[in-house]
Amino acid sequence: MNISDIARMAGVSKGTVSRVINDSPEGVSEETRKRIKKMIEDVGYIPNRVAGSITHARTGTIGIIIPDIQNFFFPQVVKGIEDCARIHGYTVFLGNSESDIKNEERYLRTFIEKRVDGIVLNTCGEITDKKLLNSLGVSRIPIVLMDRKSESFPNVPGIYVDNRSAACEGVGYLLRSGLKRIAYLGGNDQLYTSRERYRGYVMALEKAGVPVEPDLVLHGDYSIASGIEMINRLSSRLGEIDGIFAGSDMTAIGVIKALRERNIRVPEDIQVLGFDNIEMSDVLTPALTTMSQPMYEIGSHAMQKLLDIFDEKEDCMQSEYLHAVLIRRETTG
């Protein structure tokens, strides 16, 4: 959909549509202005602010949206995208949604307006704005999901980690170490990664014949503050548990801090397992045992997937699953 299509549908000139889009006060009646604006809204047309009346095949730009720039997981992911993009002559625009779906939608609209060549999206939730989804379809801008699946984009390829298997392996390691009561302190249970890590936790317990105790399962977000807050909520049960599986390393750092403030030793009293293997996890005292995600590769593979879509390679619409590995350090026995 372009300005000529809008003009033809409205029965006016391209200049008239242009004046409406640019809010020019002259040359258009109020009735015509309202009719054209409604038509633009109905079809989900977003003006090309970059190209104007000139058509470009490519802008040489890629849009990236991540949910939390303060989470140490994402810098390595973004570096993977940027390094791959730079090699192939692309510049990246970074949007930090702050885990707010409205911010995410705003960045998507901006990227459509700027006519980026492709978008790498780590979503923070489900998009309910049907007009935005229609605009994305009309724009034909390729999207690659990263880390988190989304029902808003059912036919979009993605680069993911097998979170369920990784969580199962990590919790299984704790169980084989002799632990009996392991708490799960995860992220937002509406997120794909959180749901899969919880399922892996349950799978490991079931394999070992250990019952799942709902009182030992808490959900927060992937932050240090959330780890502290969940330990506060679990405080009355701390004397009964011998292990904690934290849904992220950031959460695990908060957990260890809160345990230390209660004079609970790690790993002597409670063992702690994280998930991600951010750089900080190796310099903590004690150093954090964790499931290591290939963060840089998640980003570089996502960018390569976009390049494959540009080149219309045969398997370009197939999702890819990477593997996490257990890194044993000092917070477990």
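Quick caveat, the model's predicted, so the values are computed rather than measured.

K.L.:
Hey, could you go over the packing of helix α5 (residues 101-114) against helix α6 (residues 130-139) for me, with residue numbers and the actual values?
P.N.:
Describing two packed helices takes the angle between their axes plus the distance from one axis to the other. The geometry of α5 relative to α6 is characterised by a closest axis approach of 11 Å and an angle of 30 degrees between their N-to-C directions. By the angle between their directions, the pair α5 and α6 is classed as roughly parallel. Note that α5 runs across α6; the crossing there is left-handed. Contacts between α5 and α6 involve E105, L108, R109 and I112 on the former and, on the latter, L132, S135, L136 and S139. By residue class, the composition of the contact of α5 with α6 is four nonpolar, two polar and two charged.

K.L.:
Give a detailed account of the sheet that holds strand β6 (residues 182-186), specifying residues and quantitative values.
P.N.:
Pairing in this open sheet of six strands is mixed, and the strands run β7-β6-β8-β9-β10-β12 from one edge to the other. The open sheet has two edge strands with one neighbour each: β7 (217-219) and β12 (325-327). On average, each strand axis in the sheet is inclined to that of its neighbour by 20 degrees, with strand direction left out of account. Alignment of strand β9 (residues 271-276) against strand β10 (residues 289-292), held across four bridges, turns out to be parallel. Following the sheet pairing, G274 is matched in β10 by T290. Each of β6, β7, β8 (243-246) and β9 is contacted by helix α8 (residues 192-207), which is oriented at about 175 degrees to β6, the strand it contacts most. Against the sheet, helix α9 (residues 224-233) engages β6, β7 and β8, with an angle of about 140 degrees to β7.

What counts and how
- For every chain, the first residue of the written sequence is number 1, and numbering continues from 1 along that sequence.
- Confidence filtering applies because this is a predicted model: local features only for residues at pLDDT of at least 70, side-chain atom pairs given and counted only at 80 or more, and all residues used for totals across whole chains, interfaces and linings.
- Derived side-chain values reflect all non-hydrogen atoms in the structure, with water molecules and hydrogen atoms excluded from consideration.
- Only the contacting stretch of a helix is used when fitting its axis, a line to C-alpha atoms as for every element, and angles between N-to-C directions run 0 to 180 degrees.
- Helix numbers and strand numbers start at the N terminus; a helix is a DSSP run of H or I with at least 4 residues, a strand a run of E with at least 2.
- Orientation labels follow simple angle bins: below 35 degrees gives roughly parallel, above 145 gives roughly antiparallel, 65 to 115 gives roughly perpendicular, and whatever is left gives oblique.
- Each helix crossing is assigned a hand: it is left-handed if the near helix lies turned anticlockwise from the far helix by less than a right angle, otherwise right-handed if that turn is clockwise.
- A contact between two residues is defined here by any heavy atoms of the two lying within 4.5 Å.
- Side-chain classes are defined by residue name, with Ala, Val, Leu, Ile, Met, Phe, Trp, Tyr, Cys and Pro counting as nonpolar, Asp, Glu, Lys and Arg as charged, and the others, Gly among them, as polar.
- Here a strand pair is declared whenever DSSP counts at least two bridges between the two strands.

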